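# Structural overview
Given next are the chains, with one letter for each unit.
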Amino acid sequence: MRQERSQALFERAKKRIPGGVNSPVRAYKAVGTTPRFIVSAKGSRITDADGNEYIDYVCSFGPGILGHAHPAVVEAVRAACADGLSFGAPTEKEVVLAELVCGMMPSIELLRLVSSGTEAVMSAVRAARGFTGRDRILKFRGCYHGHSDGLLVKAGSGALTAALPDSAGVPLDFTKNTLVADYNDRESVERLFEANAGEIAAVVVEPVAANMGVVLPKEGFLSFLREITRKEGALLIFDEVITGFRLGEGGAQEYYGIRPDLTTLGKIIGGGMPIGAYGGRRDIMEMIAPSGPVYQAGTLSGNPVATAAGIETLTILKNHPEIYRELEEKTQKLAQVMRKALGESVSVNQKGSLLGVFFAQGGVNDYESALKSDTGRYADYFNFMLDRGIYLAPSQFEAMFVSAAHSFEDIERTCEAVREYAGRKANE
């Protein structure tokens with residue numbers, strides 16, 4: 001496929017933008033090729049600056065559950081734009097979106113809109129600390145909660161080691177109250193609670209981890225987190241920025257039957273526009289200013305364009321529950337073909353319309369097993385699929401997203417490319 005225009009744009013971008021991109025994974029470093037600069041998208045297809053069209057399984061890293069440029073969502077945005085882009089004042093759309101979210105996720109009694117998932121998690125953590133009067137937060141290796149200083153950390157040599165910053169520019173003091181456990185490992189959580197008795201404000205977790213590839217919770221793990229946080233007087237925060245409204249109308253918490261104290265949202269609730277939200281129990285959320293002493297504000301929070309897109313998207317999902325059944329069917333088909341065609345050389349994790357393909361044997365259920373993936377093999381697979389018009393995330397450790405716009409013909413074409421790749425590898 002041609003890439004001259006994308007290459008020229010990338011070279012031009014590198015002169016004015018760090019690394020030539022505004023989010024690191026977009027640089028395609030992990031897959032050793034030139035990032036594709038996108039000019040348009042419609043439905044399940046995305047088109048780059050060289051005129052190449054792809055079946056898109058990135059879906060803007062999650063928001064595009066209805067597909068790109070859904071006519072009703074675009075019309076809602078167009079109408080909102082005609083009335084003004086931002087007011088810095090309350091609007092009815094904020095109220096309508098909050099009512100929709102609270103109605104679809106019963107654990108959320110009060111909701112505050114923000115402008116990104118990072119901001120949502122950062123604010124939820126502050127609310128948890130303000131409510132409990134405790135400072136420490138427990139997170140899990142491999143679970144990404146945005147790039148705020150206190151959460152951008154990795155574990156040291158063991159689960160009880162003080163968290164170390166995962167980025168230059170983050171002082172050690174900013175992460176000293178962040179404890180890091182192992183996803184799906186109950187004992188690592190219990191040890192941290194024992195070593196920090198009465199000091200942990202909250203446990204924050206992706207109920208389905210989707211930032212180290214897709215890693216599913218072991219049976220009973222989320223229930224265990226609910227039980228231990230209640231026992232220890234800590235709050236349970238579900239980071240549903242990715243899973244919210246993707247695994248079902250009520251998100252992962254409905255899917256698994258767990259009621260967290262606080263929930264963070266993003267991506268789908270903006271219908272493709274920048275947005276985030278955090279909410280939960282009324283008594284906790286009433287700590288937020290101006291009702292209480294925990295301060296949080298944002299000039300563009302709840303802006304009328306993003307809320308218009310979110311209202312339309314959530315209304316469609318609420319009124320058409322069959323979307324989720326079809327998403328599951330399509331994604332299961334992809335997962336089944338990948339397992340059969342690629343065999344023992346891969347581990348495939350799937351839940352709802354989330355799909356993760358690891359070039360690792362023996363199953364992937366935590367950060368350590370995810371890191372055993374052969375990233376070179378993934379890069380080879382990525383470029384093979386790209387050349388055949390299949391657009392995947394340019395990293396082994398990102399998810400595949402299936403949208404309502406993906407037709408069964410799209411799924412079959414993708415399956416054919418997977419089979420072709422498997423056949424080529426078998427003959428090498």
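Fair warning: this is a prediction, and the values are worked out from it, not measured in the lab. (Residues numbered from 1 in each chain as written. Predicted model: local features only at pLDDT ≥ 70, side-chain atom pairs only at ≥ 80, totals over all residues. Heavy atoms only, no water.)

### A look at helix α3 (residues 92-104)
- The terminal C-alpha atoms of α3, which comprises 13 residues, lie 19 Å apart, in line with the 18 Å expected from a rise of 1.5 Å per residue.
- The complete set of buried residues in α3 reads Leu97, Ala98, Leu100, Val101 and Met104. Along the axis of α3, the buried residues cluster in a sector spanning 160°; they form a single face. Looking at α3, the residues exposed on the side facing more than 90 degrees away from the buried face are Glu92, Glu99 and Gly103. (Helix = DSSP H or I, 4+ residues; strand = E, 2+ residues; numbered from the N terminus. Expected span 1.5 Å × (residues − 1). Buried < 20%, exposed > 50% of the residue type's maximum accessible area, 1.4 Å probe, protein only. Arc of directions from axis to C-beta.)

### Let's talk about the pattern of salt bridges
- Counting across every chain of the model gives 15 salt bridges.
- Linking Arg226 and Asp261 is a salt bridge whose minimum nitrogen-to-oxygen distance equals 2.8 Å. Residue Arg226 is located in helix α7 (residues 221-232), and its partner Asp261 is located in the loop between α8 (251-256) and β11 (262-266); the two are separated by 35 residues in the primary sequence.
- Using a relative accessible area of 6% as the deciding quantity, one classes Arg226 as buried.
- The exposure class of Asp261 is buried, given its relative accessible area of 6%.
- Residues Glu412 and Lys333 are paired through a salt bridge, measuring 3.2 Å at the closest nitrogen-oxygen approach. Note that Glu412 is positioned in helix α14 (residues 408-426) and Lys333 in helix α11 (residues 322-342), a separation of 79 residues in sequence.
- Of the residues examined, Glu412 reaches a relative accessible area of 26% and is grouped as partly exposed.
- For Lys333, a relative accessible area of 31% corresponds to the partly exposed category.
- Taken together, the shared-partner salt bridges in this structure form one network comprising Arg226, Asp261, Arg281 and Asp283. (Salt bridge = Lys/Arg side-chain N within 4 Å of Asp/Glu carboxyl O.)

Don't take any of this as a statement about function, it's just geometry.
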